[in-house]
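# Chain and residue survey
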Amino acid sequence: YTITHNWITLVDLGESAVEPMIKLLESIHWKDVHYLLVKALGEIGDVRAVEPLIVLTTSEQEEMMLKYPSTHGWGDEKTIKGSAIRVLGEIGDVRAVEPLIGVLSDKEVCASAARALGEIGDVRAVKPLIGVLSSENRDGYTSAVRALGEIGDVQAVESLVRILLDENSGVRYNVAIVLDKLGW
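The numbers attached to residues start from 1 for each chain and follow its sequence in the written order. pLDDT decides what is reported in this predicted model: residues at 70 or higher carry local features, side-chain atom pairs at 80 or more are listed and counted, and totals for whole chains, interfaces and linings draw on all residues regardless. By convention in this description, side-chain values take in all heavy atoms of the structure and omit both hydrogens and water.

### A look at the overall build of the protein chain
- Scanning the protein chain for helices and strands turns up 13 helices and 0 strands.
- When the helices and strands of the protein chain are placed in sequence order, the string is α-α-α-α-α-α-α-α-α-α-α-α-α.
- Whether a residue is buried, partly exposed or exposed follows from its accessible area with a 1.4 Å probe, protein chains only, as a fraction of its type maximum: under 20%, in between, or over 50%, in that order. Buried residues in the protein chain amount to 51% of all 184 residues.
- Looking at the protein chain alone, contacts between residues at least 24 apart form 67% of all its contacts between residues at least 6 apart.
- Surface accessibility follows the Shrake-Rupley procedure with a 1.4 Å probe radius. Residue values consider only the protein chains on display as shielding. Looking at the protein chain as shown, the accessible area adds up to about 9400 Å², and 52% of this sits on carbon and sulfur atoms. Only DSSP runs of H or I reaching four residues or more are called helices, and only runs of E reaching two or more are called strands; each is numbered from the N terminus. In what follows, residue pairs with any heavy atoms lying within 4.5 Å of each other are defined as contacts.

Here is the structure:
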């Protein structure tokens, strides 16, 4: 009750609440509680939350969460996973790069992972993001284009030029902006 109704209080406590929230995240397996803890950890933005948030992006964690139904209708495993990915991008810690690259193949969270990788800005993500450009996942596709622009590495230029003729005007527009950013 306290966590699900007073998550703002946790945010107000700031950094002093991070360790207790991480312990709760690791010991309580209720989706609603996980969702609110991720939300609060994201608001605080402390790097101590990175490793526990990475755990929430793994398939093993998803399977465990399926055993515990949500009681309020918010906090399904995709929402928790997507929220954890979003918060990892906001925190911007490079420890999240490899796990985020690992979830680019998950169509449900590919766009979120691409956005998070763009926010982090690590060049290790360039080739995997280029790989997303050859996928059929259009949501991930646009987010990957934008992320490549945020990272700003010129090795993406050739792949981006190839998709300038995409049938989707939104994609073409984003590619043109990114290519301009890259000095092309």
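Back to the text.
### A word on the pattern of salt bridges
- For this document, the term salt bridge refers to a Lys or Arg side-chain nitrogen within 4 Å of an Asp or Glu carboxyl oxygen. Scanning all chains against the criterion turns up 9 salt bridges.
- Notably, a salt bridge pairs Glu 51 with Arg 95, separated by 3.7 Å at the nearest N-O pair. One end of the pair, Glu 51, is in helix H5 (residues 50-55); the other, Arg 95, is in the loop between helix H7 (77-91) and helix H8 (97-102), with 44 residues separating them in the sequence.
- Residue classification places Arg 95 among the partly exposed residues on the basis of a relative accessible area of 38%.
- Salt bridges sharing partners connect three or more residues here, namely Glu 19, Asp 46 and Arg 48.

### Focus: the environment of Ala 176
- Tracing the chain through its elements places Ala 176 in helix H13 (residues 169-181).
- Separated by 31 residues in sequence, Ala 176 and Val 145 place their C-alpha atoms 9.9 Å apart.

### Quick notes on helix H11 (residues 138-151)
- The end-to-end C-alpha distance of H11, which contains 14 residues, comes to 20 Å, matching closely the 20 Å that a straight helix rising 1.5 Å per residue would cover.
- Taken together, the buried positions of H11 are Gly 140, Tyr 141, Thr 142, Ser 143, Ala 144, Val 145, Ala 147, Leu 148, Gly 149 and Ile 151.
- Lining the buried residues of H11 we find helix H9 (110-120), helix H10 (126-132), helix H12 (157-162) and H13. A helix is expected to reach a length of 1.5 Å times the quantity of its residues less one.

### With respect to the environment of Ala 49
- Relative to the helices and strands, Ala 49 is located in the loop between helix H4 (31-44) and H5.
- Judged by relative accessible area, which is 0%, Ala 49 ranks as buried.
- Sequence separation between Ala 49 and Met 21 is 28 residues, and the spatial gap between their C-alpha atoms is 8.9 Å.
- Not counting residues within four places of it along the chain, the set of residues in contact with Ala 49 comprises Ile 22, Leu 41 and Ile 91.

### Points about the confidence of the model for the protein chain
- The predictor attaches a confidence to each residue, and that confidence, scored 0 to 100, is pLDDT. Summarising the model, the protein chain shows a mean pLDDT of 87, and 86% of its residues fall at 70 or more.
- Averaged pLDDT values for the elements of the protein chain fall to 55 in helix H1 (residues 2-5) and rise to 98 in H8.

### Comments concerning the nonpolar core
- Among buried residues, the Ala, Val, Leu, Ile, Met, Phe, Trp, Tyr and Cys ones that are joined through side-chain atoms within 4.5 Å form a nonpolar core. Among the nonpolar cores identified, the biggest contains 59 residues, and Leu 53, Leu 129 and Leu 160 are the most heavily contacted of them.
- Among the elements that line this core, the one with the most residues is H4, at 8 residues.
- Not counting residues within four places of it along the chain, the set of residues in contact with Leu 53 comprises Val 38, Ala 84, Val 87, Leu 88 and Ile 91.

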